[in-house]
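# Structural description and commentary
Residues per chain are reported as follows:
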Amino acid sequence: DQQVKQNSPSLSVQEGRISILNCDYTNSMFDYFLWYKKYPAEGPTFLISISSIKDKNEDGRFTVFLNKSAKHLSLHIVPSQPGDSAVYFCASRYNFNKFYFGSGTKLNVKP
Amino acid sequence: DVKVTQSSRYLVKRTGEKVFLECVQDMDHENMFWYRQDPGLGLRLIYFSYDVKMKEKGDIPEGYSVSREKKERFSLILESASTNQTSMYLCASSLEGRRNQPQHFGDGTRLSIL
């Protein structure tokens, strides 16, 4: 059973609007959470992360929210741009070195 | 900037062959990882290594082995390739886990087993 789930395989958003990508996890021992972006024919690239001792982390247009009680992670992109179109993976870390990934959400930002 | 280089972008092999996938990182990272990516399943960890000659099984190690003789190089070995090992293989590296640093990925090797 997957410990990290992204229940939306795809999301379509208009340019300039907010994109919200969601991720749920099951293991309360996860202590570090990350979002990666992946373009076709490239490896995932790190986007933003958050430690379990925080509930929000911001970097420019990207904000990650962590709700530990709900075991829920979300990524907000504001404003969305066509170049943000990619597959987004969430990841959660266990025991310092073991990372579990979701199945990915394909974001399409329409001009 | 961290560079993780995988030796091949595309590889075609036959059932029963022994297959080697090579990965090199240039940032002196302690940890290195091998994942496979399949549609609808995300990235699944095959093996990781936290030091030279050290390795730990991930979630799907069956049919695979690894080798880490030098800190910068981590090899994935398919002992006897089978068609269900057709997949995208991704190598990653990171600093030691306690430092809350992300993994850095190579561009992947798309492996087809015929």
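Please refer to the structure higher up on the page.
Below is a short write-up of the structure. (Residues numbered from 1 in each chain as written. Chains lettered and ligands numbered in written order. Predicted model: local features only at pLDDT ≥ 70, side-chain atom pairs only at ≥ 80, totals over all residues. Heavy atoms only, no water.)

Residue and element names in this part refer to chain A. Pairing is antiparallel in the open sheet, where 5 strands are placed in the order E1-E3-E8-E7-E6. A single partner strand is all that each edge strand has here, and the edge strands are strand E1 (4-5) and strand E6 (56-59). Alignment of strand E3 (residues 19-25) against strand E8 (residues 72-77), held across 6 bridges, turns out to be antiparallel. Bridge assignment links Cys 23 to a residue of E8, and that residue is Leu 73. (Pairing = 2+ DSSP bridges. Helix = DSSP H or I, 4+ residues; strand = E, 2+ residues; numbered from the N terminus.)

This part covers the interface of chain A and chain B. Every contact between the two is made by 21 residues of chain A and, on the other side, 24 residues of chain B. Across the chain A to chain B interface the summed buried area is about 1,900 Å²; carbon plus sulfur atoms make up 56%. Applying the counting criterion to the chain A and chain B interface returns 1 salt bridge. Ionic pairing is found between Asp 59 of chain B and Lys 98 of chain A, a salt bridge with its closest N-O pair at 3.6 Å. Where chain A packs against chain B, one counts 6 residue pairs in polar contact (both at pLDDT 80 or more). Considering only residue class, the side of chain A that touches chain B consists of 11 nonpolar, 6 polar and 4 charged. (Contact = heavy atoms within 4.5 Å. Buried area = accessible area lost by both parts, 1.4 Å probe. Salt bridge = Lys/Arg side-chain N within 4 Å of Asp/Glu carboxyl O. Polar contact = N/O pair within 3.5 Å; in protein donor to acceptor, adjacent residues only side chain to side chain. Nonpolar A, V, L, I, M, F, W, Y, C, P; charged D, E, K, R; others polar.)

This next bit is on a nonpolar patch on the surface. All names here are of chain A. Among the surface-exposed residues, Ile 18, Ile 20 and Val 78 lie close enough to one another that they form a single nonpolar patch of about 230 Å² accessible area. Here Ile 18 shows up in the loop between strand E2 (10-14) and E3. On the basis of relative accessible area, Ile 18 is assigned to the partly exposed category, the value being 40%. (Patch = residues over 30% accessible without salt bridge, like charges linked within 9 Å, V, L, I, M, F, W, Y side chains within 5 Å. Areas by Shrake-Rupley, 256 points an atom, 1.4 Å probe, with all protein chains shown as cover. Buried < 20%, exposed > 50% of the residue type's maximum accessible area, 1.4 Å probe, protein only.)

The next thing to look at is the nonpolar core. Trp 35, Leu 73, Leu 75 and Tyr 88 of chain A are the most contacted members of the largest nonpolar core, which totals 23 residues. Among the secondary structure elements, those contributing two or more residues to this core are E3, strand E4 (32-38), strand E5 (45-51), strand E7 (62-67), E8, strand E9 (86-94) and strand E11 (105-110) of chain A. The next biggest cluster of nonpolar side chains, apart from the first, holds 20 residues, and it includes Cys 23, Tyr 47, Val 66 and Tyr 89 of chain B. (Core = buried A, V, L, I, M, F, W, Y, C linked by side-chain atoms within 4.5 Å.)

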